Amino acid sequence: MINSLDPRIKREQINEDNTIAPLTEMDQFETYEVFHQKKRGDQHVHVGIVHAPNAEMALLFGKEQFGRRGLSVNIWVVKTSNVFASDYDDADIFETVPEKQYREAGGYKVMDKINKYKKENKA
Amino acid sequence: MYGNAYIDPNEKANAMLAGEDPIKLAEFEARIARGEKIEPKDWMPKEYRKQLIRMIEQHGHSEIIGALPEGTWITRAPGFKRKLALMAKVQDEVGHAQLLYSAAETLGKSREDMINDLITGKSKYSNVFNYPAYTWADACIIAWLIDAGAIINQVANAKGSYGPYCRALDRICTEESFHLKYGHDNVVTLATGTPIQRKMVQEALTRWWPPIMHFFGPSDKISSHTEILMRWKVKMASNDDMRQQFLNMYVPKIWDLGLVIPDANLKKNEEIGKWDYTEPDWDEFKRVINGGGPCNAERLAVRRMAEEKGRWVRAALLRKDEKYVTPLA
Ligand SMILES: [Fe+2]
Ligand SMILES: [Fe+2]
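Novice: Can you walk me through the overall build of chain B in this structure?
Specialist: Counting its secondary structure elements, chain B contains 11 helices and two strands. Walking chain B from its N terminus toward its C terminus, one meets helices and strands in the order α-α-α-α-α-α-α-α-α-β-β-α-α. Taking 20 Å as the expected radius of gyration for a compact globule of 329 residues, we find that chain B reaches 21 Å, a close match to that expectation. Dimensions of chain B, computed from the C-alpha atoms along their principal axes, are close to 65 × 65 × 35 Å. Looking at the 329 residues of chain B, the share that counts as buried comes to 54%. Sequence-distant contacts, at least 24 apart, represent 75% of the contacts inside chain B between residues at least 6 apart. Accessible surface, chain B: about 15,000 Å² in total, of which carbon and sulfur atoms supply 58%. Averaging the positions of the 46 positive and the 44 negative side-chain charges in chain B gives two centres separated by 4 Å.

So this is what it looks like as structure tokens:
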């Protein structure tokens, strides 16, 4: 019997050489991806996962794991198996995006033309 | 790092790379060299995956087992505020284990397998937690100095190459700053208190100094293996460098309180900017890590009891249609 310094453990009267059957597959359930919103108006941000037997418990664990400090107003949980994700190997689909200056405000410069026009047409 | 792509399996230095696709390996190493992170579904060398699983899993186990010596004092913490704070700290540590297990899981080892390897003694955890917290002051020394050591290690590893581990560590490090402050506050209270309190904290420090010096592990062997792990940003600092960093940051703070560190050789060598100390007893370290410490048996027996007692609840909650897929990040 373990003579622990911890009264809670001592009360359990545990044998040092207790053995248990190994945990089997699914003992720890499937996983949920957790999205956390700090305050109203913010986006929900992915913060990690929890293992849970159902969505309600995933919310509870999500709150405990990711909402114990700082600000929180809302969390979402989504079964990992329900998330469709792009592949990092396909990251080249984004490659030409930075070149598309016609989509950016900075891609339009008119001051030179205006100044030139004003200079040439001075009365 | 393109130069390292050629693999000669006859060359000892590259034995751990044997069988890897040289082009993929070159891309992988170039990504790390550019400072980019590796994400779960990326190609990675077998040895990278293996080392990371081992490291992150052991880190997770240390958080779980580390909650036990500190938990010893929850029911007897002096005062309501300290009881609340200690419960919060212990909950954080268990939460850290969850975060770390999740990171290891993305590399393909299930949480069930990790727990099984812990409770059968196959996986290791930080050796310091095989020692008991005899008094309240021991719990205070743990919260201050063991957590201080852990922070040095975790801050270094947070700059590593594996995305999920780095994200877990960033979150963990934020919480650790509370543990450190809480621990320091407790130690200062005892050290500036009554003669009995001072005696109590001095005795705890004396007990914990050898395990603290063991904390970062023996000097690294300089091997090609270590070199590759450093290049892959799996190992971020040498054990000796982290120990030096710890001594540099905390010895002056301990001395400030007029406490005595039980090592007559401990002093800073100002010429080289490093600390001299008595070499820790590494035979004792090995004896304890291999099961011979005062609490090894208790720690694992308690984990087995906890798993067993919760088993029927988990079984009752499990739905037939549940199917496991590896978490995304
Ligand atoms: Fe921790
Ligand atoms: Fe901690």
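Picking up after the structure, the text goes on.
Novice: How should the side chain of Asn130(B) be read in this particular structure?
Specialist: All names here are of chain B. Among the secondary structure elements, Asn130 is positioned in the loop between helix 4 (111-119) and helix 5 (136-157). For Asn130, a relative accessible area of 2% gives the class buried. Every residue in contact with Asn130, bar those within four places of it in the chain, is listed here: Tyr125, Val288, Gly293, Pro294, Cys295, Asn296 and Arg299.

Novice: I'm lost on a nonpolar patch on the surface in this one. Help?
Specialist: Together, Ile93(A), Phe94(A) and Val97(A) give the surface a local cluster of nonpolar side chains, amounting to about 300 Å² of exposed area. Relative to the assigned elements, Ile93(A) resides in the loop between strand 3 (74-79) and helix 3 (111-120).

Novice: Would you take a moment to explain the coordination of the iron ion (ligand 2) for this structure?
Specialist: Put simply, the ideal angle at a metal is 109.5 degrees for four donors in tetrahedral geometry and 90 or 180 degrees for six donors in octahedral geometry. Residue and element names in this part refer to chain B. Listed as protein donors to the iron ion (ligand 2) are Glu93 (OE), Asp147 (OD), Glu176 (OE), Glu176 (OE) and His179 (ND1); their distances from the metal cover 2.0 to 2.7 Å. For the iron ion (ligand 2), the donor residues sit on a single chain with the sequence spacing E-x53-D-x28-E-x2-H. In this structure, the iron ion (ligand 2) lies 3.4 Å from the iron ion (ligand 1), and both are coordinated by Glu93. Of this pair, Glu93 sits in helix 3 (residues 80-105) while His179 sits in helix 6 (residues 163-191); the two residues are 86 residues apart in sequence, bridging distant segments of the chain. Taking the relative accessible area as the measure of exposure, Glu93 reaches 5% and is therefore buried. A residue is classified by how much of its surface remains accessible, and His179, at 0% relative accessible area, is buried.

Novice: For this particular structure, what's the right way to read the coordination of the iron ion (ligand 1)?
Specialist: Residue and element names in this part refer to chain B. Glu63 (OE), Glu93 (OE), His96 (ND1) and Glu176 (OE) make up the full set of protein donors to the iron ion (ligand 1), lying at 2.0 to 2.3 Å. Coordination at the iron ion (ligand 1) comes from four donor atoms whose angles at the metal span 82 to 162 degrees, giving a geometry best classed as irregular. If you list the donors of the iron ion (ligand 1) from N- to C-terminus, the spacing comes out as E-x29-E-x2-H-x79-E.

Novice: What is the right way to look at the interface of chain A and chain B in this model?
Specialist: By convention, interface size is frequently given as the accessible area that disappears when the constituent parts associate. With 45 residues of chain A in contact, the opposing surface of chain B contributes 48 residues. Each partner contributes to the roughly 4,200 Å² buried at the junction of chain A and chain B, and carbon and sulfur atoms together form 56% of this total. There are seven salt bridges connecting chain A and chain B. Note that Arg319(B) is salt-bridged to Glu30(A), the shortest N-O span being 3.5 Å. Where chain A touches chain B, the interface holds 26 residue pairs in polar contact (both at pLDDT 80 or more). Counting residues per element, the ones that place at least two in the side of chain A that touches chain B are helix 1 (7-12), strand 1 (30-37), strand 2 (45-52) and helix 2 (55-66) of chain A.

Quick notes on the rules
- Residues numbered from 1 in each chain as written.
- Chains lettered and ligands numbered in written order.
- Predicted model: local features only at pLDDT ≥ 70, side-chain atom pairs only at ≥ 80, totals over all residues.
- Heavy atoms only, no water.
- Helix = DSSP H or I, 4+ residues; strand = E, 2+ residues; numbered from the N terminus.
- Rg over C-alpha atoms; globule rule 2.2 N^0.38 Å.
- Buried < 20%, exposed > 50% of the residue type's maximum accessible area, 1.4 Å probe, protein only.
- Contact = heavy atoms within 4.5 Å.
- Areas by Shrake-Rupley, 256 points an atom, 1.4 Å probe, with all protein chains shown as cover.
- Lys, Arg positive; Asp, Glu negative; His and termini not counted.
- Charge placed at Lys NZ, Arg CZ, Asp CG, Glu CD.
- Patch = residues over 30% accessible without salt bridge, like charges linked within 9 Å, V, L, I, M, F, W, Y side chains within 5 Å.
- Salt bridge = Lys/Arg side-chain N within 4 Å of Asp/Glu carboxyl O.
- Donors = N, O, S within 2.8 Å, 3.2 Å for Na, K, Ca; no water.
- Tetrahedral: all angles 85-135°; square planar, octahedral: opposite > 155°, others 65-115°.
- Buried area = accessible area lost by both parts, 1.4 Å probe.
- Polar contact = N/O pair within 3.5 Å; in protein donor to acceptor, adjacent residues only side chain to side chain.

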